[in-house]
Amino acid sequence: MLQKVIQEEKRAFMTGNEVVAWAALAARAEIMFGYPITPQNEIMHYWTRLAPKYGKSFLQTEDELSAGFAAAGGVMSGRKAFTATAGTGNILMQEPLSMAEMMRLPVVAVIQQRGGPSTATVIYSQQEVNLTTMGGNGEGLRIVYSTATHQELYDYTIKAFNTAWKYRFPTFVLGDGYQAKMREPLTLYDPEARGIQLVEQEPFVGQKGSPGKDRPPAQYRNTYNLEEELFEKLMSDVRDYEKIIPELAEFQSSGVEGAELAIVGHGVVFRAVREAVNVLREQGIKVCYFRPVTLRPLPVPQLKSLAGEVKKILIVESAYGQLARLVTEAVYGANAEIHTLFKPGVGITSGEVEARAREILQKPLH
Amino acid sequence: MSKAIKIMLAGEGGQGVQSVAEILAEAANEEGRQALYIPNFGVEQRGGVSLAFVQISDDPIGSPKFQTGDVVVALSDRAVYRTRQYVGPETTYIYDSGMQGAEGELPENAGRLLGIPAIEVAKKEFHPRVFNIVILGAIIGATDAITLKQARAAVEKKLGYKFAKEPSLRDLNFAALERGVGLVRTSPEPGVATRVNADSDGAGGKARAAESHVSSHSLTGGQS
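Residues numbered from 1 in each chain as written. Chains lettered and ligands numbered in written order. Predicted model: local features only at pLDDT ≥ 70, side-chain atom pairs only at ≥ 80, totals over all residues.

Caption draft 1: Structural context of the overall build of chain A. Scanning chain A from terminus to terminus reveals twelve helices and 14 strands. Over its C-alpha trace chain A gives a radius of gyration of 21 Å, about what one expects of a compact globule, namely 21 Å for 366 residues. Principal axes of the C-alpha set define a box for chain A whose edges measure 75 × 50 × 40 Å. Taking all 366 residues of chain A together, the buried fraction comes to 50%. Within chain A, contacts between residues at least 6 apart in sequence are counted, and of these 79% link residues at least 24 apart. (Helix = DSSP H or I, 4+ residues; strand = E, 2+ residues; numbered from the N terminus. Rg over C-alpha atoms; globule rule 2.2 N^0.38 Å. Buried ≥ 20, exposed ≤ 12 C-beta atoms within 10 Å, placed from the backbone. Contact = placed C-beta atoms within 7 Å.)

Caption draft 2: A look at the interface of chain A and chain B. Each partner contributes to the interface: chain A provides 19 residues, whereas chain B provides 19 residues. If you list the elements that add at least two residues to the side of chain A that touches chain B, you get helix H7 (177-181), strand E8 (183-188), helix H9 (269-282) and helix H12 (350-361) of chain A. Ranked by the residues each element gives to the side of chain A that touches chain B, the list is headed by H9 of chain A, at four residues.

Caption draft 3: A look at the environment of Glu184 of chain A. Along the chain, the position of Glu184 of chain A falls in strand E8. Separated by 168 residues in sequence, Glu184 of chain A and Gly16 of chain A have C-alpha atoms that sit 8.3 Å apart. Among residues more than four places away in sequence, those in contact with Glu184 of chain A are His150 of chain A together with Ala35 and Leu36 of chain B.

Caption draft 4: Seen up close, the sheet that holds strand E14 (residues 337-342) of chain A. Residues and elements named next belong to chain A. The five strands are arranged E9-E11-E10-E13-E14 in an open sheet whose pairing can be described as mixed. At either end of the open sheet lies a strand with only one pairing partner, and these are strand E9 (251-254) and E14. Looking at each pair of strands side by side, their axes are set apart by 20° on average, direction ignored. Sheet topology note: the strand E10 (residues 261-264)/strand E13 (residues 312-317) ladder contains four bridges and is parallel. Within E13, the position partnered with Ile263 by the bridge is Leu314. Where H9 meets the sheet, its contacts fall on E10, strand E11 (287-292) and E13, and the angle it forms with E11 comes to roughly 165°. (Pairing = 2+ DSSP bridges. Axes fitted to C-alpha atoms, helices over the stretch in contact; angles between N-to-C directions.)

Caption draft 5: Spotlight on the packing of helix H3 (residues 64-76) of chain A against helix H4 (residues 87-103) of chain A. All names here are of chain A. For the pair H3 and H4, the least separation of the axes is 7 Å and the interaxial angle reads 30°. Considered as vectors, H3 and H4 are oriented roughly parallel to each other. In this structure, H3 meets H4 at a crossing whose hand is right-handed. Taking contact as the criterion, the partners of Glu64, Leu65, Gly68, Phe69 and Ala72 in H3 are, on H4, Gly89, Leu92, Met93, Glu95, Pro96, Leu97, Met99 and Ala100. Tallied by class, the residues present in the contact of H3 with H4 amount to nine nonpolar, two polar and two charged. (Parallel < 35°, antiparallel > 145°, perpendicular 65-115°, else oblique. Left-handed = near helix turned anticlockwise from the far one by under 90°. Nonpolar A, V, L, I, M, F, W, Y, C, P; charged D, E, K, R; others polar.)

Structure representation (structure tokens):
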């Protein structure tokens with residue numbers, strides 16, 4: 001059971017879906033529940049190929065509703081359970097994951113965004129930001145990591161299990177079809193060999209001792225009769241969530257001081273943003289980048305301070321304003337002008353980001 | 001910051017486009033370089049033009065797909081049509097010179113057009129199935145994106161299980177690989193159409209070796 005999946009660090013060259021399967025193993029996940037949907041299918045395929053070798057399990061359910069609820073049941077019985085989905089599957093997944101929010105269940109879900117709305121394309125987008133951050137019928141008490149590279153896909157999948165089990169909120173790794181299908185190098189490692197302590201799982205139900213005598217009763221509910229009762233329960237969760245935001249919110253930025261324009265992007269689009277900023281800065285143009293790594297909770301104080309520092313902000317995303325809505329709300333009241341580059345459902349290259357930045361700064365390429 | 005070399009391949013399903021892309025990227029990775037390969041994928045299970053994007057660099061690679069390739073390879077008439085948008089004045093455009101009906105469709109804006117008789121060479125000198133290995137050789141010859149040694153190792157890794165059963169396949173594939181390099185390096189030879197546009201010096205030096213008569217033995221590195 002405690003057999004180490006990765007004996008020593010090794011460089012690998014594989015698809016993002018394969019990376020997720022390895023990371024889940026390295027995080028000592030025990031069972032995956034899933035239903036096929038492109039572009040996440042290979043997470044299931046690799047997991048089912050690898051899992052039996054390490055005594056892990058897999059169950060294909062009849063749809064994503066069942067996969068999400070089964071994952072919730074898995075964690076209640078004390079197993080590190082996870083699921084993965086995309087697109088319309090992510091829509092169905094919102095009902096079980098709302099229950100996970102309500103019952104504070106550490107379900108981990110990996111989302112590989114595809115085009116939307118509806119069936120749309122099986123390829124790629126960043127159009128599942130609204131859904132993944134705020135998709136339930138509640139306040140979005142969940143954690144969402146948006147990855148940009150295969151190394152991060154590995155690192156944050158491991159981290160997602162720790163975050164979920166430590167704080168007891170459902171936790172998402174938000175990837176996309178490009179990250180799912182592309183191959184690039186990364187280093188696989190055993191988290192404990194790097195000093196990353198894996199948070200131990202424990203059962204929610206069937207605990208030892210008598211309830212009310214040896215331990216508080218385990219009472220997990222998603223149904224409330226009284227408004228006041230619900231209010232009290234939710235406000236307690238909201239306070240818990242707000243308290244941990246400073247520990248959870250992550251971002252990456254560079255060159256903010258003295259910059260005129262800040263370019264904001266997340267996920268795989270950040271790769272284009274970073275490249276464009278490097279190229280522009282080499283030419284003496286004062287730009288910087290800011291990338292929220294967590295989309296929920298968003299690094300709000302850092303975004304506010306960014307909007308006070310620069311004159312202009314350019315928000316870039318493969319969606320029509322889903323990240324922009326989050327960012328503009330966070331920087332509300334600041335004087336920085338907001339500009340956008342929206343390409344819903346298609347990839348964005350550094351050349352396009354560079355051109356848009358030049359347009360905004362009125363610095364055409366000679 | 002060094003620029004990534006961007007290679008885009010397109011062909012019919014079954015022509016081995018994805019294998020070539022994967023071998024290129026794997027070989028670069030084995031050299032310890034940054035490499036990224038992404039196939040174009042859709043809902044279709046069969047048919048359609050198969051596209052692959054490969055980038056190789058010494059620095060972290062940006063977006064997985066790109067607008068303009070340093071090298072664009074089209075292996076069928078439909079692929080020629082599909083790849084036009086990825087061609088710019090610095091693009092080396094490699095196509096199979098035996099294709100019917102594509103001549104008028106070739107991207108005139110390409111920096112360099114390299115027509116090579118890969119299908120014919122594969123069929124007459126080797127075996128039709130090593131066609132994609134000839135193409136892989138041609139890409140290496142035109143770009144120095146990876147070394148021939150690493151290409152051999154990557155082919156071995158990918159096809160080793162077949163070589164184990166039929167050792168003669170190894171020599172066949174390696175010979176096809178070198179023949180592909182030779183097709184672009186020793187041009188013009190009969191059947192090889194080469195044209196360099198006067199106002200362009202190719203893909204920023206990345207396609208520099210194509211005109212010179214370099215023997216495959218002197219291939220040591222492609223790090224530009």
